[in-house]
Amino acid sequence: MKKIFLFVGILAASMGMVSCTEDYTDWADPQKNGPEDPQGALSATIAAVSSEIKYETAPEAIELVQFQSAANAKEGTTVKFSKIVINDTEAIEFEQEGNNVIVTKEALANTVRKVYNSQAEVTRELSIVADLYVVGPTGEAVPCVAGPVKVNYIPAPLPASTKDAAFYYIGTSQGWNMSNCTPLNDNGDGTWSAEITVGNSDWFKFIPQSAVDAADWSGLYGCEVNGSTASQDFIKHEGESMMVEFAGTYIFTLDVVNFTYSVVPAKALYFIVGTPNGWSNTLKSAFYPTTVTEQSYTAYFTGAWDMKLWKSDFFGNWDNAMGSAVDGDGSESGTLVTSNAQAFQSPEAGYYTVSIDFSTLSYKWTKLENQTPTEYTYISLAGGFNGWGDTDMTQVSNSNTHNWYISNLEIAEASEFKFKANHDWTVNWGSDADLTKTYFGVGAQNGSNIVLPAGTYNIYFNDITGQFVVEAVEAAQL
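Residues numbered from 1 in each chain as written. Predicted model: local features only at pLDDT ≥ 70, side-chain atom pairs only at ≥ 80, totals over all residues. Heavy atoms only, no water.

> In this structure, what is going on with the overall build of the chain? I would like to understand it.
Counting its regular elements, the chain contains 2 helices and 40 strands. Of all 478 residues assigned to the chain, the portion counted as buried reaches 49%. Across the chain, every contact between residues at least 6 apart in sequence was considered, and the portion connecting residues at least 24 apart equals 64%. Accessible area for the chain stands at about 22000 Å²; split by element, carbon and sulfur atoms hold 48% of it. (Helix = DSSP H or I, 4+ residues; strand = E, 2+ residues; numbered from the N terminus. Buried < 20%, exposed > 50% of the residue type's maximum accessible area, 1.4 Å probe, protein only. Contact = heavy atoms within 4.5 Å. Areas by Shrake-Rupley, 256 points an atom, 1.4 Å probe, with all protein chains shown as cover.)

> Just to check I follow, could you spell out a nonpolar patch on the surface for this structure?
On the surface, Trp279, Trp305 and Trp318 cluster together to form a nonpolar patch covering roughly 340 Å² of accessible area. Here Trp305 lies in the loop between β25 (294-301) and β26 (307-311). (Patch = residues over 30% accessible without salt bridge, like charges linked within 9 Å, V, L, I, M, F, W, Y side chains within 5 Å. Salt bridge = Lys/Arg side-chain N within 4 Å of Asp/Glu carboxyl O.)

> Can you walk me through the pairing of strand β20 (residues 248-255) in this structure?
On a regular strand, each side chain points to the face opposite its neighbour's, so the side chains alternate between the two faces of the sheet. For strand β14 (residues 191-198) and β20, the ladder comprises 8 bridges, and the chain directions are antiparallel. Residue Trp192 lies in a different strand from β20, and its bridge partner there is Leu254. Here 6 bridges tie β20 to strand β21 (residues 260-265), and the two strands are oriented antiparallel to one another. The partner of Leu254 across the bridge, within β21, is Tyr261. (Pairing = 2+ DSSP bridges.)

> Even after reading the chapter, I still don't get the packing of aromatic side chains, so can you show me in this structure?
Two measures describe an aromatic ring pair: the distance that separates the ring centres and the angle between the ring planes. Under the definition given, this model contains 31 aromatic pairs. Where Tyr352 meets Trp365, the ring centres are 5.9 Å apart and the plane angle is 90°; that geometry is what we call edge-to-face. Of this pair, Tyr352 sits in strand β28 (residues 350-357) while Trp365 sits in strand β29 (residues 362-367), placing them 13 residues apart in sequence. The two residues Tyr352 and Trp365 agree in class, both being buried. (Phe/Tyr/Trp six-rings, centres within 6.5 Å; stacked < 30°, edge-to-face > 60°.)

Interpretation in functional terms is not warranted from these geometric data alone.
Put into structure tokens, the structure is as follows:
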């Protein structure tokens, strides 16, 4: 599109105005001529070209906003847009044509779905802000921020099949057999899910009931990029196949309201190796989940090459450790890498919680307000399996005195239990976590007895947070 930067007055349905400054710092086309008399205090106004944009009827190139005026600007002033931001979160690619900002239909659709993390068929209010330069007749440029202006946006309609009465997984694990698809369970909130065991390189899509009934392969739900291994993403009708890389049991979820999907392990255990456990690659020091993908660990960290971590499937294999790209990275937050991973550390020595989102491999350190947590000599399990006596756990290490574990605990028959401190009931932790459906929870003082099914377990507990993990294992594997 031809870019012509003219200064014109435009009347529009909605507009925004904000003052400009004369601090010119970072325009990609720097001024070549020294400014003459300053233009004085400027205030730029933009306006929405239309108060409502509907995806179905919008042209391929959409006029989004227009430059309207700049008070006190000299004759011959022009304008250059440098950035357009929607709802304070997402910048959108654009072209400038005269005083108009032009965006493509698909760019706007993609930006809106990112802003709302949804493709739902609901009207979205967009708040649009423009970074721009008011350029004087001799080349002096004054940066401005104009807006916000409001625009209502109506997304593309979802396929009619999203209203179907049933949905299914179809893929490698069941032979891509449309007559024998794996049904998803209705969660009652627009999401459908199933726990499915798959092998390595499991390709899959989702299929609505109407496509099954019609044996219509074009009616399947896929993704944008073939072979995507994203743990969560947007659905595309008639899209490409997704893939799960590694064998295991996963929860496949289809959201037909927001038209998204997720694939997360049914059980995901991650373990620290580092200063909290003396860099032992045999002592398992488990992260504590709040969800399958969001997990944390609270302990004293030295602030010096504190740790790497392993997923349980790769425990002990340094080639598969997760860590930072830069050795000794002490940033308050960052992103983990899985190749050539280096040790990362707390920002300084002290008690911290390191929180990790394993779906994005992002982490954050939070320093505890209480740097002198209560020390216990013993943490034990007391329950029906031991006559409500004391089965002591072991501290992870002499320097990590608030995390405890016990390995190969055999429970002959279902039993209730609690965690207790110092062989006394004054301090005890219980929880209503259902260990037949989950493997983690948070204990509270004088909480409910925890029901533990028969089996053999590794159990992990943190006496600062009350978090625990109950890992069902076969003794022969340990």
